[in-house]
Amino acid sequence: MNCIFCKIIAGEIPSYKVYEDEDTLAFLDINPVHPGHTLVVPKKHYANIEEADEATLCQVIKTVKKVGLSLKNKLGASGYNVQVNNDPASGQLVPHLHFHLVPRMADDGLKLWPQRAYQPGQAEEVMKKIKIN
Ligand code: AMP
Ligand code: ZN
């Protein structure tokens with residue numbers, strides 16, 4: 001498969017590995033939002049969250065927690081953002097599930113996405129559409 005992250009996992013393309021275990025790999029994003037921006041991937045190829053099985057998702061989030069602790073304890077990050085661009089419409093460029101961890105410092109100036117208030121009645125309408133069970 002012509003997947004850049006599968007090639008990194010297979011060792012065919014170099015990466016700056018931060019953590020590795022049987023099921024997951026964490027490596028530096030080559031174009032970081034801030035230095036230390038790390039990607040956590042399952043070693044098995046899944047395109048997105050829905051494709052991945054629960055056991056794999058659990059392994060990935062455990063690695064996210066480990067890397068997050070390292071960003072705080074060793075890099076001195078005050079916090080970090082965890083983001084998954086899930087499917088191309090959300091900005092996913094590499095079609096291998098990955099969690100971005102972006103270390104944050106107080107007052108680092110990074111602005112996240114804009115938000116706005118619901119119109120009257122709109123929140124209930126949307127909630128009814130997406131409510132599960
Ligand atoms: P996304 O838009 O969520 O699919 O993000 C893909 C990320 O992969 C981007 O932030 C890229 O900078 C990063 N990336 C692409 N190629 C490499 C690579 N060879 N090594 C490390 N990170 C990469
Ligand atoms: Zn892949």
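The coordinates are above.
Residues numbered from 1 in each chain as written. Chains lettered and ligands numbered in written order. Predicted model: local features only at pLDDT ≥ 70, side-chain atom pairs only at ≥ 80, totals over all residues. Heavy atoms only, no water.

Asks: Let's hear about the side chain of threonine 63: which residues, and what values?
Replies: With respect to the helices and strands, threonine 63 occurs in helix H2 (residues 54-75). Of note is the side chain of threonine 63, whose polar atom sits 2.7 Å from the side chain of threonine 24. Setting aside residues up to four positions removed in sequence, threonine 63 forms contacts with Tyr19, Asp21, Thr24, Ala26 and Val40. (Helix = DSSP H or I, 4+ residues; strand = E, 2+ residues; numbered from the N terminus. Polar contact = N/O pair within 3.5 Å; in protein donor to acceptor, adjacent residues only side chain to side chain. Contact = heavy atoms within 4.5 Å.)

Asks: Kindly report on the sheet that holds strand E4 (residues 79-83), identifying the contributing residues and their values.
Replies: The 5 strands are arranged E1-E2-E3-E5-E4 in an open sheet whose pairing can be described as antiparallel. Two strands close off the open sheet at either side, each with one partner strand: strand E1 (17-20) and E4. Shown here is a sheet whose adjacent strand axes are inclined to one another by a mean of 20°, direction ignored. Pairing of E4 with strand E5 (residues 99-104), which is carried by 5 bridges, proceeds in the antiparallel orientation. Bridging across to E5, glycine 79 finds its partner in arginine 104. (Pairing = 2+ DSSP bridges. Axes fitted to C-alpha atoms, helices over the stretch in contact; angles between N-to-C directions.)

Asks: An account of the coordination of the zinc ion (ligand 2) is needed here, citing residue identities and associated values.
Replies: Coordination of the zinc ion (ligand 2) by the protein is provided by Cys3 (SG), Cys6 (SG), His45 (ND1) and His96 (ND1), with metal-donor distances spanning 2.1 to 2.3 Å. Between the 4 donor atoms coordinating the zinc ion (ligand 2), the angles at the centre fall across 103 to 117°, so the site counts as tetrahedral. Mapped onto the sequence, the residues coordinating the zinc ion (ligand 2) show the spacing C-x2-C-x38-H-x50-H. Here histidine 45, found in the loop between strand E3 (38-42) and H2, pairs with histidine 96, found in the loop between E4 and E5; they are 51 residues apart in sequence, far enough to count as distant. Taking the relative accessible area as the measure of exposure, histidine 45 reaches 26% and is therefore partly exposed. Taking relative accessible area as the criterion, histidine 96 reaches 0% and is therefore assigned buried. (Donors = N, O, S within 2.8 Å, 3.2 Å for Na, K, Ca; no water. Tetrahedral: all angles 85-135°; square planar, octahedral: opposite > 155°, others 65-115°. Buried < 20%, exposed > 50% of the residue type's maximum accessible area, 1.4 Å probe, protein only.)

Asks: So, H2: which residues are in play, and what are the values?
Replies: Look at H2: 30 Å from first C-alpha to last across 22 residues, which is about the 32 Å you get at 1.5 Å a residue. Buried within H2 are the following residues: Thr56, Val60, Thr63, Val64, Val67, Gly68 and Leu71. Looking straight down H2, one finds that the buried residues subtend no more than 145° of arc, so they occupy a single side. Residues of H2 that are exposed and angled more than 90 degrees away from the buried face: Glu54, Ala55, Lys65 and Asn73. Taken together, the buried residues of H2 touch E1, strand E2 (24-28), E3, E4 and E5. Backbone nitrogen of alanine 55 and a side-chain oxygen of the N-cap are separated by 3.3 Å at the start of H2; the cap is aspartate 53. Once H2 finishes, glycine 76 follows within two positions and takes phi at roughly 80°, a positive value. (Expected span 1.5 Å × (residues − 1). Arc of directions from axis to C-beta.)

Asks: Talk me through a nonpolar patch on the surface; I want residue IDs and the actual numbers.
Replies: A surface patch of nonpolar side chains, amounting to about 420 Å² of accessible area, comprises Tyr16, Val18, Leu28 and Ile30. Considering the arrangement of structural elements, one finds valine 18 in strand E1. The exposure class of valine 18 is partly exposed, given its relative accessible area of 40%. (Patch = residues over 30% accessible without salt bridge, like charges linked within 9 Å, V, L, I, M, F, W, Y side chains within 5 Å. Areas by Shrake-Rupley, 256 points an atom, 1.4 Å probe, with all protein chains shown as cover. Salt bridge = Lys/Arg side-chain N within 4 Å of Asp/Glu carboxyl O.)

Purely geometric stuff here, so don't read any function into it on its own.
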